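Given next are the chains, with one letter for each unit.
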Amino acid sequence: MEWGSGRREVERLAEALAEQFGGVPIDLPAIASAVGIIDVAYCDMASAALLQIGPVWGTWGVLIRQLDARARQRFSLAHEIAHVALGIVGDEWRYRGEAAERGGRTLAERLCDYYAAALLMPRALVNKAATETPDVNELARKFDVSEQSMRIRLEHCGLHSLVTVR
Ligand SMILES: [Zn+2]
């Protein structure tokens with residue numbers, strides 16, 4: 001999968017999933033549960049999040065770094081949902097160390113980040129909200145994401161010129 005076409009495809013998948021769970025802010029715990037994540041625990045650890053195989057086939061647990069801000073934790077959970085939903089769980093084990101060493105992100109990791117952003121901030125909903133409330137802080141609050149995530153998403157959606165950034 002390439003970045004350009006892969007990005008469009010994961011966006012489509014993420015938005016279809018988000019649409020099943022109502023409005024803004026996106027009900028992430030419900031989505032996590034729907035994809036088989038049966039436990040989300042918060043603990044003191046070095047990485048932002050970790051996906052673990054659950055006790056029954058098709059179930060998963062997610063560990064989230066407890067010191068992170070709430071919005072960051074939501075993004076981390078959305079990223080792990082992406083791994084499960086996209087079935088790129090092998091890469092999580094194989095490439096994590098490698099990517100960390102290079103200080104970069106693999107294509108799989110970048111696609112999971114893109115999926116996470118699309119899941120938390122579906123394009124149609126962001127478009128509507130940005131038209132009504134063209135303020136990045138307000139939008140971040142509304143979607144329960146960090147301002148940085150919202151800024152990046154607005155750029156991806158071509159809406160950044162519409163919105164005031166303080
Ligand atoms: Zn990952």
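Because the structure is predicted, anything quoted here is derived from the model rather than measured.

1. Here we look at the overall build of the protein chain
A tally of helices and strands in the protein chain yields eight helices and three strands. Considering the protein chain as a whole, with its 166 residues, one finds that 31% of them fall into the buried category. Taking the intrachain contacts of the protein chain between residues at least 6 apart in sequence as the baseline, contacts between residues at least 24 apart amount to 60%.

2. Concerning the sheet that holds strand β3 (residues 60-65)
On the basis of which strands lie adjacent, the open sheet formed by three strands has the order β1-β3-β2 and mixed pairing. Here the strands that pair on one side only, and so sit at the sheet edges, are β1 (37-43) and β2 (49-53). Sheet twist, expressed as the mean angle between neighbouring strand axes with direction ignored, is 20 degrees. As defined by bridge partners, β2 adjoins β3 across five bridges and the pair is classed as antiparallel. What sits directly across from leucine 51, in β3, is valine 62.

3. Considering the environment of leucine 120
Counting through the fold element by element, leucine 120 comes out in helix α5 (residues 107-120). Between the alpha carbons of leucine 120 and isoleucine 26 there is a distance of 5.8 Å; along the sequence they are 94 residues apart. Look past the residues within four positions of leucine 120 in its chain and what remains in contact with it is Ile26, Arg74, Phe75, Ala78, Phe143 and Val145.

About the criteria used
Residues numbered from 1 in each chain as written. Predicted model: local features only at pLDDT ≥ 70, side-chain atom pairs only at ≥ 80, totals over all residues. Helix = DSSP H or I, 4+ residues; strand = E, 2+ residues; numbered from the N terminus. Buried ≥ 20, exposed ≤ 12 C-beta atoms within 10 Å, placed from the backbone. Contact = placed C-beta atoms within 7 Å. Pairing = 2+ DSSP bridges. Axes fitted to C-alpha atoms, helices over the stretch in contact; angles between N-to-C directions.

Any functional reading would require information that these geometric values do not contain.
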